[in-house]
Amino acid sequence: MADSTLTSAAEPPPRPSRPETSLTEQAATALRRLILLNLLAPGETLNEPDLSVRLGVSRTPVREALKLLAGEGLVTLRRNRAAMVARLDPADLVPLFELEVALESFCAGLAANRMTGAELARLDQLQSAMEAARDDRESYTRLNRQAHRLIVTAARSPAIAEAHGRAFPRLARARNFALAVDGRVAESLAEHRAILEALRGRDAEGARALMRVHVARTQALMVAQLGEGAPR
């Protein structure tokens, strides 16, 4: 008779169950999406009871989620008053856009010479996906972000990639203001196509110049939108 002890010892141990996402994390994810897409406008009051109903959770996870998002700079907590969506101030955002212009244009020039064939193919796939998602703002912004990040990564400069990853998530809402301008998505797609062609042609100067114009255009539209009475 086989030794049941040996048989049991030979069996792999059970895998630990993956912890479920907490209600606070779920609420933070939902609120982050609404804020980044400007579905909750800058300066809008965040009423906990209303958010609790909207998100389908109790007030405690909502309150904790607001604290998390305050740490990300997306929410402003106010003593004895309801929290609000953090305002957008061009004076704070323009220097970040200027840094993005410098870093991403420089990376585009490096990437023209350093991108692999596989990376170019991936960028081409992202371009096609962005074309297909032109009417879906959430998908378009996600794919657009991936395309920019791919170009930065392909520059093969870890220090720049690290600085880029830290700084530019703060610009997500501002980019969405720019994309809300009539015709900007089509314009952005054309700019991305031109950058892709320059990279494919190993044209470092062309890629650098095109990326500079692309990011600077987003900055200009953001400033115009916030200066024309858009909620800040």
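Cut-offs applied
- Residues numbered from 1 in each chain as written.
- Predicted model: local features only at pLDDT ≥ 70, side-chain atom pairs only at ≥ 80, totals over all residues.
- Heavy atoms only, no water.
- Core = buried A, V, L, I, M, F, W, Y, C linked by side-chain atoms within 4.5 Å.
- Buried < 20%, exposed > 50% of the residue type's maximum accessible area, 1.4 Å probe, protein only.
- Helix = DSSP H or I, 4+ residues; strand = E, 2+ residues; numbered from the N terminus.
- Pairing = 2+ DSSP bridges.
- Salt bridge = Lys/Arg side-chain N within 4 Å of Asp/Glu carboxyl O.
- Polar contact = N/O pair within 3.5 Å; in protein donor to acceptor, adjacent residues only side chain to side chain.
- Contact = heavy atoms within 4.5 Å.
- Axes fitted to C-alpha atoms, helices over the stretch in contact; angles between N-to-C directions.
- Parallel < 35°, antiparallel > 145°, perpendicular 65-115°, else oblique.
- Nonpolar A, V, L, I, M, F, W, Y, C, P; charged D, E, K, R; others polar.

Draft legend 1. Summary view of the nonpolar core. Grouped together as the largest cluster of nonpolar side chains are 46 residues, with contacts concentrated most on Leu 93, Met 115, Leu 123, Ile 151, Leu 199 and Met 222. Sorting the residues of this core by element identifies α5 (90-114), α6 (117-132), α7 (137-154), α8 (158-167), α9 (172-179), α10 (184-200) and α11 (204-227) as the ones contributing at least two each. The next biggest cluster of nonpolar side chains, apart from the first, holds 17 residues, and it includes Ala 27, Leu 34, Leu 40 and Ala 83.

Draft legend 2. View of the pairing of strand β3 (residues 81-85). Pairing of strand β1 (residues 45-46) with β3 involves two bridges; the strand directions are antiparallel. Paired with Thr 45 across the bridge in β3 is Met 84. As judged from the three bridges shared by strand β2 (residues 75-78) and β3, these two strands associate in the antiparallel manner. Residue Thr 76 lies in a different strand from β3, and its bridge partner there is Met 84. The loop that links β2 with its antiparallel partner β3 comprises two residues; one of these, Asn 80, has a positive phi angle of about 60°.

Draft legend 3. Fine view of the pattern of salt bridges. Across all of its chains, the model carries 16 salt bridges by this definition. A salt bridge links Arg 184 to Glu 191; the shortest N-O distance between them is 3.0 Å. Both residues of the pair, Arg 184 and Glu 191, belong to the buried class. Within the structure, one salt-bridge network assembled from shared partners comprises Arg 184, Glu 187, Glu 191 and Arg 217.

Draft legend 4. Broad picture of the side chain of His 192. When you line up the elements, His 192 lands in helix α10. The buried category is assigned to His 192, whose relative accessible area is 6%. Of the polar contacts made by the side chain of His 192, one reaches the side chain of His 148; its length is 3.4 Å. Discounting residues that sit within four places of it in the chain, His 192 has contacts with Gln 127, Met 130, Tyr 140, Asn 144, Ala 147, His 148 and His 214.

Draft legend 5. Spotlight on the packing of α9 against α11. At a closest axis distance of 8 Å, the pairing of α9 and α11 adopts a crossing angle of 80°. If you check the angle between α9 and α11, you find them roughly perpendicular. Counted together, Ala 174, Arg 175, Phe 177 and Ala 178 of α9 and Thr 218, Leu 221, Met 222, Gln 225 and Leu 226 of α11 form the full contact between these two elements. When its residues are assigned to classes, the contact of α9 with α11 shows six nonpolar, two polar and one charged.

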